[in-house]
Amino acid sequence: MTTQPATGPGPAVDPARAAAPPRRPNGPRPRLPRSVRREQLLTAAREVFVVAGYHAASMDDIADRAGVSKPVLYQHFPSKRELYLALLERHITELVHGVEQALAVTTDNRLRVAGAVEAYFDFVGTDGAYRLVFESDLRGDAAVRELVESALTRCSEAIASTIAADTGVTPDEAMLLSVGLAGVAEMGARWWLGSGPEAGAAPPLTKARAVELLTGLAWRGIANSPKRPAPPAGDV
């Protein structure tokens, strides 16, 4: 009787290979483009700075929030201060652009006033970034102070040029009216955002109603300014 060879379990398997995790089908995860990584880091930094403020925040906190190592963070921003300044400059540009756009989209001056007021409400109502501009705990830093003051000046100058073009007031008077309007819009928007009965609650007024009320207040004052005389017929 012929004895058949026993059927074994198959070829031997290298224990080291068996213990290794399966290889990803597409290879290692590709590195993010530098611009995309920078956006990711700025977003994480904003979230940390808004909650903790500049002094209490750390680069470790920001790296953890972004899901990167601290060396990666330092490749893009050599210091916490440089990261904060980059973030501050970004949000200041957003505020100024919002005000300038609101003034440019119409020639109706009452709508321009409403648009300027709404631009502050939009800025204050977006991701807490307004705290970096209006409530920074680093205002003693010369570069931070210069950036913030520059933003307020640029917004006021944009509004003042509109007021001066439509009224007979002097440039200094137009600037005073503009600063007053910007102050009303900023303080009103910040109060509105924090006016809920408890933290995180919706404000008691809708944004549209709040903008309407402040626009009426500001417009009644600006509309009483003397109108610039119309040019004689035939003049261009």
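Refer to the structure presented above.
**A word on the packing of helix 5 (residues 80–104) against helix 6 (residues 109–124)**
Relative orientation and spacing of two packed helices are given, respectively, by the angle between their axes and the distance between those axes. Interaxial distance between helix 5 and helix 6 falls to 7 Å at its minimum, and their mutual angle equals 160 degrees. Taken together, the axes of helix 5 and helix 6 are roughly antiparallel relative to one another. Between helix 5 and helix 6 lies a crossing of right-handed hand. Of the residues in helix 6, those touching helix 5 at His91, Glu94, Leu95, Gly98, Val99, Ala102 and Leu103 are Arg112, Gly115, Ala116, Ala119, Tyr120 and Phe123. Split into classes, the residues belonging to the contact of helix 5 with helix 6 amount to eight nonpolar, three polar and two charged.

**Quick look at the side chain of Ser156**
Here Ser156 shows up in helix 8 (residues 142–166). What makes Ser156 buried here is its relative accessible area of 6%. Sequence-distant contacts of Ser156, defined by excluding residues within four places in its chain, comprise Met175, Ser178, Val179 and Ala182.

**Comments concerning helix 3 (residues 59–66)**
Of all the residues in helix 3, the buried ones are Met59, Ile62, Ala63 and Ala66. Within helix 3, the buried residues cover an arc of 100 degrees as seen down the axis, which keeps them to one side. Residues of helix 3 that are buried sit in contact with helix 2 (34–56), helix 4 (70–76) and helix 5. Just past helix 3, the residue Gly67 takes up positive phi, approximately 75 degrees.

**Re helix 8**
An ideal rise of 1.5 Å per residue puts 36 Å on 25 residues; helix 8 measures up with 36 Å between its terminal C-alpha atoms. Among the residues of helix 8, those classed as buried are Val144, Leu147, Val148, Ala151, Cys155, Ser156, Ala158, Ile159, Ala160, Thr162, Ile163 and Ala164. The distance from a side-chain oxygen at the start of helix 8 to the backbone nitrogen of Ala143 is 2.9 Å, and the residue carrying that oxygen is Asp141.

**Considering unusual backbone geometry**
Backbone geometry places Asp127, a non-glycine residue, at a positive phi of 50 degrees. Within the element layout of this structure, Asp127 appears in the loop between helix 6 and helix 7 (130–134). On the accessibility criterion, Asp127 (38% relative accessible area) is partly exposed.

**Examining the packing of aromatic side chains**
Applying the stated criterion to the full structure yields five aromatic pairs. Ring geometry for Phe49 and Tyr84: centres 5.0 Å apart, planes at 85 degrees, overall edge-to-face. Of this pair, Phe49 sits in helix 2 while Tyr84 sits in helix 5, and the two are 35 residues apart along the sequence. As far as burial versus exposure is concerned, Phe49 and Tyr84 are alike and both buried. Considering the side-chain rings of Phe123 and Phe134, the 6.0 Å spacing of their centres and the 85 degrees angle between planes classify their relative orientation as edge-to-face. Taken together, the positions of Phe123 in helix 6 and Phe134 in helix 7 put the pair 11 residues apart, joining distant regions of the chain. Grouping residues by exposure puts Phe123 and Phe134 together as buried. Taken together, the ring pairs in this structure connect Phe49, Tyr54 and Tyr84 into an aromatic cluster. Over the ring of Tyr54 we find Lys80, and its NZ or CZ is 4.3 Å from the ring centre.

Criteria and cut-off values
- Residues numbered from 1 in each chain as written.
- Predicted model: local features only at pLDDT ≥ 70, side-chain atom pairs only at ≥ 80, totals over all residues.
- Heavy atoms only, no water.
- Axes fitted to C-alpha atoms, helices over the stretch in contact; angles between N-to-C directions.
- Helix = DSSP H or I, 4+ residues; strand = E, 2+ residues; numbered from the N terminus.
- Parallel < 35°, antiparallel > 145°, perpendicular 65-115°, else oblique.
- Left-handed = near helix turned anticlockwise from the far one by under 90°.
- Contact = heavy atoms within 4.5 Å.
- Nonpolar A, V, L, I, M, F, W, Y, C, P; charged D, E, K, R; others polar.
- Buried < 20%, exposed > 50% of the residue type's maximum accessible area, 1.4 Å probe, protein only.
- Arc of directions from axis to C-beta.
- Expected span 1.5 Å × (residues − 1).
- Polar contact = N/O pair within 3.5 Å; in protein donor to acceptor, adjacent residues only side chain to side chain.
- Phe/Tyr/Trp six-rings, centres within 6.5 Å; stacked < 30°, edge-to-face > 60°.
- Lys NZ or Arg CZ within 6 Å of the ring centre and 35° of its normal.

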